[in-house]
Each structure stands twice: as C-alpha cells, then as structure tokens.
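# Architecture and fold: a report
The lines below spell out each chain.
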Amino acid sequence: MAFCIAVIGKDNAPLYLTTSDMEQELELQYHVHAALDVVEEKCLIGKGAPESKELYLGLLYSTENHKIYGFVTNSRVKFIVVIDSSNVALRENEVRAIFRNLHMLYTDAVCNPFYIPGESLTSKKFDRAVQKLMSGNA
C-alpha cells in the first residue's frame, strides 16, 4: 500500500522515516524532502484564511512511480506518505484514514512521559503500528 511514511518536526527535521523497500530508500527520502517545499507553500497560503482548519493537505505532487500526500498537525508536525502511482484503487478517503490513524499513533507515542519533544521517535510500538499501517492491515 504505502512505500514510505515520514514524520517531520516543526523545524523540518525528520522525527521518523520508514520505507517498505530498502533499495529505494534514498529516492523515497528525496521525495519526502521535496514534498516539504510544497507543504510549506500550502501552509503559507493557509495563513491568509484562519478559519481553515483542514489538516489534510491532499496530493502534494506525483511522479511517474509515486504519489506524495501530506498532513500537518496543529503543532506544525508534518506527515508525508508516499504511495505507488499504479495503485488506482486507493481513494482519497482511504488516504485520509491513513493520516487519521498515523496521527493517533503519533499522539500516543508523544504522550509517553519518557519522550522528549523534538527527538526522533524510537518507540518500537509506534514502529510496529506504522509497519502494520503501511502493509494495509491497520
């Protein structure tokens, strides 16, 4: 289902990044970092309309092989999901569900009293849940 899931902090530092295909890891990281520019543009446009409470940014851009989607939390933490372009069965509401689940997993992980805000997410429970989400079993 998903090739790559990334959690990026408010200062654009990666907090968590995982890929399903280790051979394409560098390429997928490049797509994630390129998507940050689009996320910043969409967030700047959104500042003009404070009544806009939409956290889901939708399709940021697509390439020949991948579609890149984005989501921004209220605390400016960004979620980037890279999905295979050939997966035409995946609908917009399913991508929103992925982000909703990822947001809940992230919230549970940072509510851990031993987690230091701004540090990388090293929780094994979070990693297992994200791997399950990537495989489409969540």
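See the structure shown above.
Because the structure is a prediction, the values reported are computed rather than measured.

A word on the overall build of the protein. The secondary structure content of the protein amounts to three helices and five strands. The order of α-helices and β-strands along the protein, N terminus first, is β-β-α-β-β-β-α-α. A globule of 138 residues ought to have a C-alpha radius of gyration of about 14 Å, and the protein, at 14 Å, matches this closely. In the protein, buried positions account for 37% of the 138 residues. Looking at the protein as shown, the accessible area adds up to about 8,100 Å², and 53% of this sits on carbon and sulfur atoms. Both charge centroids of the protein, one from 14 positive and one from 17 negative side chains, sit 9 Å from each other.

What follows is about the pattern of salt bridges. Working definition: two side chains of opposite charge can pair if their charged atoms are close together. Scanning the model with the defined rule gives three salt bridges in all. Glutamate 40 is paired through a salt bridge with arginine 76; the nearest N and O atoms lie 3.9 Å apart. Of this pair, glutamate 40 sits in helix α1 (residues 25-46) while arginine 76 is found in the loop between β4 (66-72) and β5 (78-84), placing the two residues 36 residues apart along the sequence. Linking lysine 78 and glutamate 40 is a salt bridge whose minimum nitrogen-to-oxygen distance equals 3.8 Å. Of this pair, lysine 78 sits in strand β5 while glutamate 40 sits in helix α1, and the two are 38 residues apart along the sequence. Judged by its relative accessible area of 25%, glutamate 40 is partly exposed.

Once that is clear, we can look at the environment of phenylalanine 99. By the secondary structure assignment, phenylalanine 99 is in helix α2 (residues 92-110). Take phenylalanine 99: its relative accessible area is 0%, and that puts it in the buried class. Separated by 14 residues in the primary sequence, phenylalanine 99 and proline 113 place their C-alpha atoms 24 Å from one another.

This paragraph deals with the pairing of β5. In summary, the side chains of a regular strand alternate between the two faces of the sheet. In terms of burial, β5 is a largely internal element, six of the seven residues being buried. Here strand β1 (residues 2-8) runs beside β5; their pairing, made up of six bridges, is antiparallel. Note on β5: the bridge partner recorded for isoleucine 8 is lysine 78. One ladder, built from seven bridges, connects β4 with β5; its direction is antiparallel. Within β5, the position partnered with glycine 70 by the bridge is isoleucine 80. Count of turn residues in the β4/β5 antiparallel hairpin: five residues, of which arginine 76 carries a positive phi of about 70°.

Counting residues in each nonpolar core, the largest one holds 25 residues, and the members touching the most others are Ile5, Val7, Phe79, Phe99, Tyr106, Leu121 and Phe126. Looking at this core, the elements with two or more residues in it are β1, β2 (14-19), β4, β5, α2 and α3 (124-135). Top element by residues in this core is α2. It accounts for six residues. If sequence neighbours within four positions are ignored, leucine 121 has contacts with Val7, Leu15, Tyr16, Tyr106, Ala109, Val110, Tyr115 and Phe126. Counting residues in each nonpolar core, the second largest holds 16 residues, with Ala6, Ile8, Val38 and Ile68 among its members.

The rules behind the values
- Residues numbered from 1 in each chain as written.
- Predicted model: local features only at pLDDT ≥ 70, side-chain atom pairs only at ≥ 80, totals over all residues.
- Heavy atoms only, no water.
- Helix = DSSP H or I, 4+ residues; strand = E, 2+ residues; numbered from the N terminus.
- Rg over C-alpha atoms; globule rule 2.2 N^0.38 Å.
- Buried < 20%, exposed > 50% of the residue type's maximum accessible area, 1.4 Å probe, protein only.
- Areas by Shrake-Rupley, 256 points an atom, 1.4 Å probe, with all protein chains shown as cover.
- Lys, Arg positive; Asp, Glu negative; His and termini not counted.
- Charge placed at Lys NZ, Arg CZ, Asp CG, Glu CD.
- Salt bridge = Lys/Arg side-chain N within 4 Å of Asp/Glu carboxyl O.
- Pairing = 2+ DSSP bridges.
- Core = buried A, V, L, I, M, F, W, Y, C linked by side-chain atoms within 4.5 Å.
- Contact = heavy atoms within 4.5 Å.

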